[in-house]
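Examination of the molecular architecture
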Amino acid sequence: MQAFEYASPTTVKEAAALLQNKWGEVDVLAGGTDQLTLMKERLATPSKLVNVKGIKELGGISAGKAGFRIGAAVTLDELMENAEVRKNYPSLVAAARGVSSPQIRNMGTVGGDLCQRPRCWYYRNGFGLLGTKDGKSLIPGGENRYHAILGNSGPAYFVSASSLGPALISLGAKVKLVSASGSREVAADKFFVTPQNENSREIALLPNELLTEILIPREATKNATYELRQKEALDWPLVSASVALKMKGSTVASARVVLGHVAPTPWAASQAEQLLAGKSITESVAEEAGKAALASATPLSQNAYKVQLARVAVKRALLAAASGRA
Amino acid sequence: MPNYSWPPMEKRRLMGKRLERLDGLAKSTGRAKYASDFNAPGMLFGEFLTCPHAHARVTSIDISEAEKLPGVTAVRIIAKPGTEIQWAGAELASVAATSEDIARDAVRKIKVGYEVLPHLVKEDDISKAGTRAKAAGETVTGDLEKAFQEADVTHEGNYGIPVITHCCLEPHGQVIEWKGKEINYRPSTQNVTGVGGDLAKSLQLPATDVHVKMDYIGGGFGSKFAADLWGVESAHLSKASGGKPVKMLLDRRTELTIAGVRPSAFAKIKVSAKKDGTLTGWQSDSWATGGFGGGGSPPLPYVFINIPNQKKNHSAISTNTGGVRAWRAPNHQQATYLTCCALEDLAAKLKMDPVELFAKNADFTARPEVYRSQLKKASELMDWGKKWHQRGDSGTGPIKRGLGLAIATWGGGGHNSQCRAVIHPDGAIDIELCSQDLGTGTRTIITQVAAETLGLPMSAINLKIGDNSLPPSGPSGGSTTVGGVSSSTRKATINALEKLYEAVAASLGAKQEELEAVDGRIQVKGQPDKALTWKAACQKLGVKVISEMGQNDQKNPGGLNAQGVGGINMADVEVDTETGIVKMKKFVAVNDCGLVVNPKLAESQIHGGVIMGICSALTEERILDAVTGRVLNADMEFYKLSGIGDIGEIVAYMDISPEHDKRGIVGLGEPSAIAIPAAIANAVANAIGVRVPRIPLTPDRVLAALEGRNA
Ligand SMILES: Cc1cc2nc3c(=O)[nH]c(=O)nc-3n(C[C@H](O)[C@H](O)[C@H](O)COP(=O)(O)OP(=O)(O)OC[C@H]3O[C@@H](n4cnc5c(N)ncnc54)[C@H](O)[C@@H]3O)c2cc1C
């Protein structure tokens, strides 16, 4: 990797002061499970790294009246093991558990999971975020078995890698972003964006901002995440579905259904959400919702199977949520 | 000549016992040092610049900026202007520097001009290969047309198995020091005896100048026999850097791109049979690639070699991809996949249990009785009779269970191995041979044989391997090590014992040929009261040291080792038909391999082979991009290998019996790794009622096959 300066501030204020207005010069380092790979592959060549793991304010999970606050530097393992989180957000626990290998969950942080870069193999092999050669995308006619089946009219065809993203969106979470000049809260579903060119990012975070915490409103939902992966060991989900149901008795008052690993951003399946309102979750309703969620899918040459997988993930997530086993 | 034959089965104290591997603790605690662990003061790091294009001509190469970088000690051009590069990842230049990072920075400063040329990297569709496909020509036996016409049933199918890599956990490479006349070479190799000479040849030096040492290796599987360009370049870099040691290990991307592949194999197959399942005809049009040199022709039909009427053709396709190397049982995994899938499909068409079909046709194999008994044993261990159902007849729920089977054969035999047994006057024993333990347990086995022969405990043996100053012993390939080293060790230890008998016979008042070595004593045969302890016996040597050689006679192994083994594998799988995800439930592997020196190690070999086969069946595949010509998954993230949770239960059964035992020792590394993907693919077909023609059996392929059925 390219040589870099290293800073390890102890407050958000100090850290924010070190960030720059342009991507690429100063990078944030949390658990490093993605950042270091990016640097080794020279996909990131910062001249300075700002370690945020020494910032106390970024740690901790607390439950207040308004809801839950999860510090950005909380590790995936801490998140999964937290008793309150386990009780209220089985969806989040399942999403974190799915990040395979205990080593990655021990090092990787919640903030890092939301800000990680896509795993698209064209990107990771040096063909740019959008995977192009001579100005033309390599993906629609190339090896796209793991790529997007929704929101894929271009130029982005990769899938958002975050498994926590869909779960947090379904739970109505917000993220807090802090820069030297102030702070803002962004709804989780607005945090993920589809880049339109090589120089933009797949998240709304600005280069001079730090993600400091995640806020989840305290609302009783039946929630679950269901992912499909081929292997038990060290593998990425092929698709995931996170659902959160506000119930009125045994029927759904309102539903959030968000798919992961199917589009350049987590994908809110509004057709499925509408279909579910007012219904009780049965096998056939869940199946219908799965179909509705994928009604507008536009698979590429090699990934039609993901449409089927995503339907099944929605169905199984709904059944898991309804039965209380996430 | 002394009698070298193995002690009778019932008399063995150590051979045939389930002993722990001697280096298990060293390996699991990290005390075992691999080439990649070796460090020396002042050591430098070597790196390659590799080609990003699958086919190109180098038009210019400028190393001046790299040479100027502080910390860089040597830069060498490998591909001079004009060189035509035939695959991405090919080596263009090498660098040595005081740190790995500096070496990598230097590589980035080398400027190369290319004329990019058209490439072909995919071979799965032979119609797109054009002139890059070379057909070997048809071979015909019998009258196939007639056989097909007269058959009660025929089946036609297309099958394919992709290129995969060896994926050794320890990448290829070495630490090398070229100082003055001497070269100290610490490679990761399957060939300690020969690799020094291979390096010397490239460097135009006498082989005697190269000293090779290797204690442990992190996987080879057939890909680590030669010194390779990385050995040669590291030597030059060391010399150019004043003789400092240079460590160069391929990074994972390069490892998976250029350090060897197993060829693919695709085929269009037609088979015919009578109503009772007797096979009457075989036709195959197969093709494969093993890289630019083509390569990889699976022997078809596999094992059932004597099917009466046959017509075969095979095309080798040259692609612009990293080249082939032997991969655990070269061509056999492919051959059994193509053959057993076609036979299972035929059985399904006949509504016949494939076990029956295989047994019925066992006469077309070289070892009918062995296969019949193995089919029986495997069926019993799998509970096949109870669990097997007609294809697709697996209930109404989305989760389907199924069973499949496949067959294997391999040669084995013993490689050329020499061993020296040294008995010191204080009773200490050196057993010396330049072999290597690939993780298969070679150390343990040699020690068992030596201790058994000398009538001593394992701990009495001081074993020296992994150093080319020791007596030469062959490369570990073709499952020939155990046969070779056991035989040479047996002979050397018996020869040494004879010398010891000679020295002590007089004091025991007996003739040399009346003595035996038992339980730590040299005694008159059957008379423990007429004995000397081992130590007392050795003291009689005075100042004389016994040093005796033993050599495996490859032409006439004298019953110590043999060739030719078989195996039957059965898989039990579960398929989620909603998702196409296949899970392993149980795997049964029945293998014979003659005299089994250590059943525990043998089973461990089988476990390794089965796990490797499960990866190949379910997830493993090298993925190339047609446009850029690059390997897209040259990493451990998308080059997918199974983990513990993906394996299921493995039942390894060694077919140990007096008939097999009397053949002598036969290797097992390869036969244990052959039939797994075929058995799993057949189990999936049995479960879901339709053939998934190409492996790995990923959800997309399984779902596509299911959709085809529903269409
Ligand atoms: C084999 C493998 C399998 C995986 N499977 C999954 C999976 O199934 N699902 C899934 O979601 N993930 C998966 N991951 C990814 C893993 O979850 C992420 O690598 C991890 O969460 C990143 O966290 P980190 O703390 O290590 O981040 P880092 O690597 O330190 O940082 C990642 C990125 O986020 C930025 N960043 C980090 N923290 C902040 C912050 N507070 N403010 C602003 N920017 C920040 C960094 O600058 C960098 O760009 C997998 C990874 C691997 C290697």
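**Focus: the packing of aromatic side chains**
Tallied over the entire structure, the rule returns nine aromatic pairs over all chains. Chaining the aromatic ring pairs together yields one cluster made of W121 and Y146 of chain A together with F638 of chain B. Cation over ring: R201 of chain A sits above W23 of chain A, and NZ or CZ is 3.9 Å from the ring centre. Sitting over the face of the ring of W327 of chain B, R262 of chain B holds its NZ or CZ atom 5.2 Å from the ring centroid.

**Points about the interface of chain B and chain A**
As a measure of interface size, the accessible area lost when the parts come together is often cited. Facing 36 residues of chain B, the contacting portion of chain A comprises 31 residues. For the pair chain B and chain A, the summed buried area comes to about 3,100 Å², and 51% of that belongs to carbon and sulfur atoms. Our count for the contact surface shared by chain B and chain A stands at ten salt bridges. Across the salt bridge formed by R253 of chain B and E41 of chain A, the nearest N and O atoms sit 3.3 Å from each other. Along the contact surface separating chain B from chain A lie 25 residue pairs in polar contact (both at pLDDT 80 or more). The set of elements that each furnish at least two residues to the side of chain B that touches chain A consists of α3 (100-109), β28 (581-591) and α18 (699-710) of chain B.

**What to know about the site of the ligand**
All names here are of chain A. In the vicinity of the ligand lie 32 residues, with V28, T33, T109, D113 and S163 positioned nearest. G31 is positioned with one of its backbone polar atoms (N or O) 2.7 Å from an oxygen atom of the ligand. Secondary structure elements with two or more residues in the shell around the ligand: β2 (26-29), α7 (110-115) and β10 (210-217). With four residues, the top contributor of residues to the shell around the ligand is α7. A breakdown of the residues in the shell around the ligand according to their chemical character gives 15 nonpolar, 13 polar and four charged.

**Some words on α3 of chain B**
The α-helix winds at 3.6 residues per turn, so residues separated by three or four positions along the chain end up facing the same way. Residues and elements named next belong to chain B. Among all positions of α3, only A103, A106 and V107 are buried. When α3 is viewed along its axis, its buried side chains cluster within an angular range of 105° and face the same direction. Turning to α3, the residues buried within the fold contact β1 (44-50), α2 (64-68), β3 (72-77) and β5 (91-97).

**Quick notes on the sheet that holds β10 of chain A**
Residue and element names in this part refer to chain A. What the five strands build is an open sheet, ordered β4-β5-β10-β8-β9; its pairing is antiparallel. Either end of the sheet is taken by a strand with one partner, and the two such strands are β4 (61-63) and β9 (182-187). Within this sheet the neighbouring strands show an average axis-to-axis angle of 20°, counted without direction. In this sheet, β10 lies alongside strand β8 (residues 174-179) in antiparallel orientation, the contact comprising five bridges. Residue pairing in the sheet places K176 in a bridge with E213 of β10.

**Describing the sheet that holds strand β11 (residues 173-179) of chain B**
Residue and element names in this part refer to chain B. In space, the seven strands of this open sheet follow the order β3-β5-β1-β14-β11-β12-β13, with mixed pairing throughout. Unpaired on one side and paired on the other, β3 and β13 (210-212) mark the two borders of the sheet. The mean angle between the axes of side-by-side strands here comes to 25°, regardless of whether they run parallel or antiparallel. The strands that α3 touches are β1, β3 and β5; relative to β1, the one it contacts most, it runs at about 25°.

**Describing the environment of A428 of chain B**
One can find A428 of chain B in the loop between β20 (418-423) and β21 (429-432). The residues touching A428 of chain B, leaving out its near neighbours within four places in the chain, are V422 and I423 of chain B.

**As for the nonpolar core**
Among the nonpolar cores identified, the biggest contains 150 residues, and I680 and L697 of chain B are the most heavily contacted of them. Among the elements that take part in this core, helix α13 (residues 305-323) of chain A stands out by supplying eleven residues, more than any other. The contact partners of L697 of chain B, leaving out residues within four places of it in the chain, are Q230 of chain A together with V582, A617, L618, I680, A681, V684, V692 and V702 of chain B.

**Here's the deal with the state of the cysteines**
Residues and elements named next belong to chain B. Counted by the stated rule, this structure contains zero disulfides over all chains. For the unlinked cysteine C340, the closest cysteine sulfur is that of C341, found at 7.3 Å. There is no disulfide at C538, and the cysteine sulfur nearest it, in C419, is 16 Å away.

**With respect to the environment of V690 of chain B**
Residue and element names in this part refer to chain B. As for its placement among the helices and strands, V690 is situated in the loop between α17 (676-688) and α18. For V690, a relative accessible area of 16% translates into the label buried. Spatially, the C-alpha atom of V690 lies 9.2 Å from that of V702, the residues being twelve residues apart in sequence.

**A short note on the pattern of salt bridges**
For the structure on display, the rule yields 59 salt bridges over all chains. The shortest N-O distance in the salt bridge between R229 of chain A and E227 of chain A comes to 2.5 Å. Across the pair R443 of chain B and D23 of chain B runs a salt bridge whose closest N-O atoms are separated by 3.1 Å. Taken together, the positions of R443 of chain B in helix α12 (residues 442-454) and D23 of chain B in the segment before α1 (24-29) put the pair 420 residues apart, joining distant regions of the chain. In this structure, R443 of chain B and D23 of chain B share a single accessibility class: buried. One connected set of salt bridges, linked through shared partners, spans E283, E287, K315 and R316 of chain A together with D576 and E578 of chain B.

**Quick look at the environment of L114 of chain A**
All names here are of chain A. For L114, the location among the structural elements is in helix α7. Residue L114 is classed as buried on the basis of its relative accessible area of 2%. Between the C-alpha atoms of L114 and A188, which are 74 residues apart in sequence, the distance is 9.5 Å. Apart from the residues lying within four places of it in its own chain, the contact partners of L114 are S162, L164, G165, L168, V175, F191, F192, I203, L211 and I214.

**Quick word on the domain arrangement of chain B**
Residues and elements named next belong to chain B. The domains assigned to chain B are domain 1 (35-118 + 172-249), domain 2 (261-412 + 562-710) and domain 3 (414-552). Distance between the C-alpha centres of domain 1 and domain 2: 38 Å. Both sides of the domain 1 and domain 2 interface together cover about 1,000 Å² of buried area, and 56% of this is carbon and sulfur. Across the pair R325 and D228 runs a salt bridge, and its minimum N-O distance is 2.8 Å. Our count for the contact surface shared by domain 1 and domain 2 stands at four residue pairs in polar contact (both at pLDDT 80 or more). Here the side of domain 1 that touches domain 2 is composed, by residue class, of seven nonpolar, five polar and one charged.

**Thoughts on the pairing of β11 of chain B**
Residues and elements named next belong to chain B. Judged by how many residues are buried, β11 sits mostly within the fold: five of seven residues are covered. Note: β11 against strand β14 (residues 246-249), four bridges, orientation antiparallel. Counted as the bridge partner of Q174 is M248 from β14. Examined bridge by bridge, β11 and strand β12 (residues 182-187) share six bridges and lie antiparallel to one another. Bridge pairing in β12 links I176 to Y185. Counted along the chain from β11 to the antiparallel partner β12, the turn is two residues long, and its residue G180 has a positive phi close to 55°.

Cut-offs applied
Residues numbered from 1 in each chain as written. Chains lettered and ligands numbered in written order. Predicted model: local features only at pLDDT ≥ 70, side-chain atom pairs only at ≥ 80, totals over all residues. Heavy atoms only, no water. Phe/Tyr/Trp six-rings, centres within 6.5 Å; stacked < 30°, edge-to-face > 60°. Lys NZ or Arg CZ within 6 Å of the ring centre and 35° of its normal. Contact = heavy atoms within 4.5 Å. Buried area = accessible area lost by both parts, 1.4 Å probe. Salt bridge = Lys/Arg side-chain N within 4 Å of Asp/Glu carboxyl O. Polar contact = N/O pair within 3.5 Å; in protein donor to acceptor, adjacent residues only side chain to side chain. Helix = DSSP H or I, 4+ residues; strand = E, 2+ residues; numbered from the N terminus. Near = heavy atom within 4 Å. Nonpolar A, V, L, I, M, F, W, Y, C, P; charged D, E, K, R; others polar. Buried < 20%, exposed > 50% of the residue type's maximum accessible area, 1.4 Å probe, protein only. Arc of directions from axis to C-beta. Pairing = 2+ DSSP bridges. Axes fitted to C-alpha atoms, helices over the stretch in contact; angles between N-to-C directions. Core = buried A, V, L, I, M, F, W, Y, C linked by side-chain atoms within 4.5 Å. Disulfide = S-S within 2.5 Å. Domains from an automatic or database assignment.

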